[in-house]
Amino acid sequence: MQDYTGWIVRATAGREQGELFCVVGVDQEQGKLLLADGKHRRMACPKRKKLGHVETLSDHLHMYQHPAIQKLREGIPPSNKELRRALAAFRAEHKEG
């Protein structure tokens, strides 16, 4: 499984359907993504979700540029507050454009 860390995704199945998350890691053994939004799913306890149960909104070619996402890609875990702000900025940017 490739590294999806830093991708912005929308849940398409389950209780969180329609919500935005950031991929904070990958569980190679189970083949699941580790998702956090900084509010309901914090960095300390990310949600595990199968790749087929999310819709990717950014990828490695069109990676969302935000300081918190950059930190995450460098291996430095951002705070929950930084992650919430990054997702809020993504929502605002994609509503307008």
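Residue positions are counted from 1 within each chain, in the order its sequence is given. Confidence filtering applies because this is a predicted model: local features only for residues at pLDDT of at least 70, side-chain atom pairs given and counted only at 80 or more, and all residues used for totals across whole chains, interfaces and linings. Computation of side-chain values covers all heavy atoms of the structure but excludes hydrogens and water.

## Side note on the overall build of the protein
- The helix count covers DSSP runs of H or I at least four residues long, the strand count covers runs of E at least two residues long, and both are numbered beginning at the N terminus. Helix and strand counts for the protein come out as 2 helices and 5 strands.
- Along the chain direction, N to C, the helices and strands of the protein fall in the order β-β-β-β-β-α-α.
- Radius of gyration (C-alpha) of the protein: 12 Å, near the 13 Å computed for a compact globule of 97 residues.
- When its C-alpha atoms are laid out on the principal axes, the protein stretches across 35 × 30 × 25 Å.
- Note on exposure labels: buried denotes an accessible area under 20% of the residue type's maximum, exposed denotes more than 50%, and partly exposed covers the range between, all computed with a 1.4 Å probe on protein chains only. With 97 residues in all, the protein has 39% of them scored as buried.
- Long-range contacts, defined as pairs at least 24 residues apart, comprise 49% of the intrachain contacts of the protein with a sequence gap of at least 6.
- Only four residue types enter the charge count, namely Lys and Arg as positive and Asp and Glu as negative; His and the chain termini do not. Working definition for charges: the position is that of NZ of Lys, CZ of Arg, CG of Asp or CD of Glu. Side-chain charges in the protein split into 17 positive and 12 negative, and the spacing between the mean points of these groups amounts to 7 Å. Atoms considered for the radius of gyration are the C-alpha atoms alone. The globule rule reads 2.2 Å times the number of residues to the power 0.38. Residue contacts are defined here by distance: any two heavy atoms, one from each residue, within 4.5 Å place the two residues in contact.

## Some points on the sheet that holds strand β2 (residues 20-27)
- Any two strands with at least two DSSP-identified bridges between them are counted as paired. Reading across from one edge, β4-β3-β2-β1-β5 is the order of the 5 strands in this open sheet, with antiparallel pairing throughout. Edge strands, defined here as strands with exactly one partner in the open sheet, are β4 (47-50) and β5 (54-56). Taking the axes of each pair of neighbouring strands and ignoring which way they run, one obtains an average angle of 50 degrees across the sheet.
- By the bridge criterion, 5 bridges tie β2 to strand β3 (residues 32-36) in an arrangement that is antiparallel. Considered in β3, the bridge of cysteine 22 is made with alanine 36. For helices, the fitted line uses only the C-alpha atoms of the stretch in contact; every axis is such a line through C-alpha atoms, and the angle between N-to-C directions lies from 0 to 180 degrees.

## Describing a positive patch on the surface
- The patch calculation keeps residues exceeding 30% relative accessible area without a salt bridge and links them within 9 Å when they carry like charges or within 5 Å when they are nonpolar (Val, Leu, Ile, Met, Phe, Trp, Tyr). Values of accessible area rely on a 1.4 Å probe in the Shrake-Rupley scheme; residue burial ignores everything except the protein chains shown. Basic side-chain nitrogens of Lys or Arg form a salt bridge, by our definition, when they fall within 4 Å of a carboxyl oxygen of Asp or Glu. Residues Lys39, Arg42, Lys81, Arg84 and Arg85 make up a contiguous surface patch of positive charge.
- Of note, arginine 42 is situated in the loop between β3 and β4.

## Comments concerning the environment of glycine 25
- Along the chain, glycine 25 falls in strand β2.
- Apart from the residues lying within four places of it in its own chain, the contact partners of glycine 25 are Thr5, Leu33 and Leu34.

## Remarks on the pairing of strand β1 (residues 8-11)
- Note: β1 against β2, 3 bridges, orientation antiparallel. Its bridge partner being in β2, valine 9 is matched across the sheet by phenylalanine 21.
- Pairing between β1 and β5: 3 bridges, direction antiparallel. The residue of β5 that forms the bridge with arginine 10 is glutamate 55.

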